[in-house]
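Coordinates in review
In case you want the letters, here they are:
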Amino acid sequence: MDGATPDLLERFKQGDSGAYRTLAERYDGDLRRYARSRMDASLQAEVTVDDLLQEVHEESLKGIARFEYRRERAFFFWQCGIARNRIRKHCERLKRRPPAPQLSALPREHAVSSAQVLAEWMKAGPSPLKAAARRQDGHLIALAMDQLSDAHREALLLRHVEGLSGPEAAARLGIEPGAFRKRVHDAKLKLAGLLDDLLGEDERRANLDLR
């Protein structure tokens, strides 16, 4: 597990205001890429990416005392959820539909398969090299997750972001463990297909750990 993020969170909760600035800088690149991919040119003419991120940080600061860090990247996905809601609210205010995510492929030097992206994302305790790869792909996972159904997205977040066990997550959702396992299985297959499209693969090469 990433040690710096929980340490920074704890330092902030103990009164170190600079810890949040350091924390925000850690995820700034991925969060910006995520926001830009969710905002077309016409929306950015009304609300800049910088304005949106300022709103995300303001809401994060209000709710951070209740945030529980369970697994690497959980803070990033939490902030993506805030950004997604802020974009939706701006679109409601402007009486327009939220723009479709701009799913551009990775540069060729970063070419990977959906199976590789998912396998690295779902592992715990990565090496520094694997952590760097995750930072490259984090916003892509977030964008693909946005296109899942609420039920499938929540299942993956509980299992692979919050880090709950299968039975714990099933109890949280009020369903049987077997039903939860199937939901996670189906969600991973859908997510792999979305990543195939996003990464420009010719065929699906998902070889996933579906436990």
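Details of the structure are given in the entry above.
Residues numbered from 1 in each chain as written. Predicted model: local features only at pLDDT ≥ 70, side-chain atom pairs only at ≥ 80, totals over all residues. Heavy atoms only, no water.

Further remarks concern the overall build of the protein. A tally of regular secondary structure across the protein gives 10 helices and 0 strands. In sequence order, the protein lays out its α and β elements as α-α-α-α-α-α-α-α-α-α. Expressed as a percentage of the 211 residues in the protein, the buried residues total 45%. A total accessible area of about 11100 Å² is found for the protein, and carbon and sulfur atoms account for 47% of it. (Helix = DSSP H or I, 4+ residues; strand = E, 2+ residues; numbered from the N terminus. Buried < 20%, exposed > 50% of the residue type's maximum accessible area, 1.4 Å probe, protein only. Areas by Shrake-Rupley, 256 points an atom, 1.4 Å probe, with all protein chains shown as cover.)

The next thing to look at is the environment of Arg 159. Of note, Arg 159 is situated in helix H8 (residues 150-161). A sequence separation of 25 residues divides Arg 159 from Val 184, and the C-alpha atoms of the two residues are 8.0 Å apart.

The next subject is the pattern of salt bridges. By the definition in use, this model includes 11 salt bridges. Among the salt bridges present, the one from Asp 50 reaches Arg 32, with a minimum N-O distance of 2.7 Å. Of this pair, Asp 50 sits in helix H4 (residues 49-63) while Arg 32 sits in helix H2 (residues 17-38); the two residues are 18 residues apart in sequence, bridging distant segments of the chain. Assessed through its relative accessible area of 47%, Asp 50 is described here as partly exposed. (Salt bridge = Lys/Arg side-chain N within 4 Å of Asp/Glu carboxyl O.)

With that settled, consider unusual backbone geometry. Not every positive phi belongs to a glycine, and Lys 95 is a case in point at roughly 55°. For Lys 95, the location among the structural elements is in the loop between helix H5 (74-93) and helix H6 (114-122). Residue classification places Lys 95 among the exposed residues on the basis of a relative accessible area of 77%.

Given 3.6 residues per turn, any residue in an α-helix points the same way as the ones three and four places further on. Along H8, the residues classified as buried are His 152, Arg 153, Ala 155, Leu 156, Leu 158, His 160 and Val 161. Of the residues flanking the end of H8, it is Gly 163, one or two places downstream, whose phi is positive at about 80°.

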